[in-house]
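Take a look at the letters that make up each chain.
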Amino acid sequence: MMKTYHGSCHCGGVHFKAELDLSAGTSRCNCSICRKGRFWKAVIPADDFELLEGADELTEYAFASHSIRHLFCRTCGIKPFGRGEVEPIGRFVAVNVACLDDASDEELAAAPVQYEDGRNNRWEAEPAVRSFL
Ligand SMILES: [Zn+2]
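Keep in mind the model is a prediction, meaning the values are calculated, not measured.

A few words now on the overall build of the protein. Across its full length, the protein carries 2 helices and 10 strands. In the protein, the succession of helices and strands from N to C terminus is β-β-β-α-β-β-β-β-β-β-α-β. For the protein, whose C-alpha radius of gyration is 14 Å, the value lies close to the compact-globule estimate of 14 Å for 133 residues. Expressed as a percentage of the 133 residues in the protein, the buried residues total 41%. Counting contacts in the protein only where the partners sit at least 6 residues apart, residues at least 24 apart contribute 55% of the total. Per element, the accessible surface of the protein, about 7600 Å² overall, is 50% carbon and sulfur. For the protein, the centre of its 15 positive side-chain charges and the centre of its 20 negative side-chain charges are spaced 9 Å apart.

What follows is the structure, given as structure tokens:
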């Protein structure tokens, strides 16, 4: 079910809201940054995301093709979301599902997880080993 969720970093400097349907799926990836940050994401259209507070608390990190801007709080280091633009989905926000303050434990536990082999640029394929992600 589509819902409006509110999320934040750890220190509370960054607040956002996002329209998303957790039951429609979330994803985890084995690429270099998702593996190290244990990023658990829901990818939504950029228009369904609103940064409510903390624009100047966010620090941006980009690497490789710079097609995705990873944003993290300069005080607490938590990455609440990333932004990017790729075909065919257009401008998107990858919301850190773990930062959603009003998602219940039951909703989080029930959210389907798709695994992506980002390390090998096979985003549609599941990695052979994924239980550690
Ligand atoms: Zn913070």
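Attention shifts here to the sheet that holds strand β2 (residues 15–20). Ordered by their spatial adjacency, 3 strands build an open sheet running β1-β2-β5, and the pairing between neighbours is antiparallel. Across the chains shown, the open sheet's two edge strands, defined by having one partner strand only, are β1 (3–8) and β5 (49–53). Averaged over all pairs of adjacent strands, the angle between strand axes in this sheet comes to 25°, irrespective of strand direction. Relative to β2, β1 runs antiparallel, the two being bridged by 6 bridges. Bridged to G7 within β2 is F16.

So, on to the sheet that holds strand β3 (residues 26–29). As summarised here, the arrangement of the 7 strands in space is β6-β7-β8-β9-β4-β3-β10, forming an open sheet in which the pairing is mixed. For this open sheet the edge positions go to β6 (58–61) and β10 (113–116), each flanked by a neighbour on one side alone. Between one strand axis and the next, the sheet turns by 30° as a mean value, whatever way the strands run. Pairing analysis gives 5 bridges linking strand β4 (residues 40–45) to strand β9 (residues 90–96), with the strands arranged antiparallel. By the bridge assignment, K41 is partnered in β9 with N96.

Extensive coverage of β9 is indicated by the burial of 6 of its 7 residues. Across 6 bridges, strand β8 (residues 81–86) lies against β9 in antiparallel orientation. The residue of β9 that forms the bridge with E85 is R91.

According to UniProt, the "domain: CENP-V/GFA" (unreviewed entry) feature falls on residues 5–124. The straight-line gap between the two end C-alpha atoms of residues 5–124 is 26 Å; of that span, 10% is helix and 43% is strand.

This paragraph deals with the packing of aromatic side chains. Inspection of the entire model under this criterion finds 4 aromatic pairs. Seen from their ring centres, F16 and F81 are 6.2 Å apart, and the 65° between their planes marks the pair as edge-to-face. Highlighted residues: F16 in strand β2 and F81 in strand β8, separated in sequence by 65 residues. Owing to a relative accessible area of 0%, F81 belongs among the buried residues under this scheme. Centre to centre, the rings of F49 and F81 are 4.5 Å apart; their planes meet at 50°, and the pair counts as tilted. You can see F49 sitting in strand β5 and its partner F81 sitting in strand β8, a full 32 residues away along the chain. Side by side, F49 and F81 carry an identical accessibility label, which is buried. Grouped by ring-pair contacts, the aromatic residues F16, F49 and F81 constitute a single cluster.

The rules behind these values
- Residue numbers here run from 1 along each chain, matching the order of that chain's written sequence.
- Local features in a predicted model are, by the rule used here, given only for residues with pLDDT of at least 70; side-chain atom pairs are given and counted only at 80 or more, and totals for whole chains, interfaces and linings are based on all residues.
- Side-chain measures here rest on the full set of heavy atoms in the structure, leaving out hydrogens and waters.
- Secondary structure elements are defined from DSSP: runs of H or I of at least 4 residues count as helices, runs of E of at least 2 residues count as strands, and each element is numbered from the N terminus.
- Two things to know: the radius of gyration comes from C-alpha atoms, and the globule rule equals 2.2 Å times the number of residues to the power 0.38.
- Buried residues are those whose accessible area, probed at 1.4 Å on protein chains only, stays under 20% of the maximum for their type, while exposed residues exceed 50% and partly exposed ones sit between those limits.
- Throughout, a contact is declared for two residues whenever any of their heavy atoms are within 4.5 Å.
- Each accessible area is a Shrake-Rupley result for a 1.4 Å probe, and residues are judged covered by the shown protein chains and nothing else.
- Charged residues are defined narrowly, with Lys and Arg counted positive, Asp and Glu counted negative, and His plus the chain ends left uncounted.
- By convention, charge coordinates are those of NZ in Lys, CZ in Arg, CG in Asp, or CD in Glu.
- Strand pairing is assigned whenever DSSP identifies at least 2 bridges connecting the two strands.
- The convention used is that axes are lines fitted to C-alpha atoms, helices contributing only their stretch in contact, and that angles between N-to-C directions extend from 0 to 180 degrees.
- UniProt positions are given in the numbering used here, feature names are shortened, and annotations may be inferred rather than shown by experiment.
- Ring pairs shown here join Phe, Tyr and Trp side chains whose ring centres sit within 6.5 Å, with only the six-membered ring taken for Trp; geometry is labelled stacked below 30 degrees between planes, edge-to-face above 60, and tilted in between.

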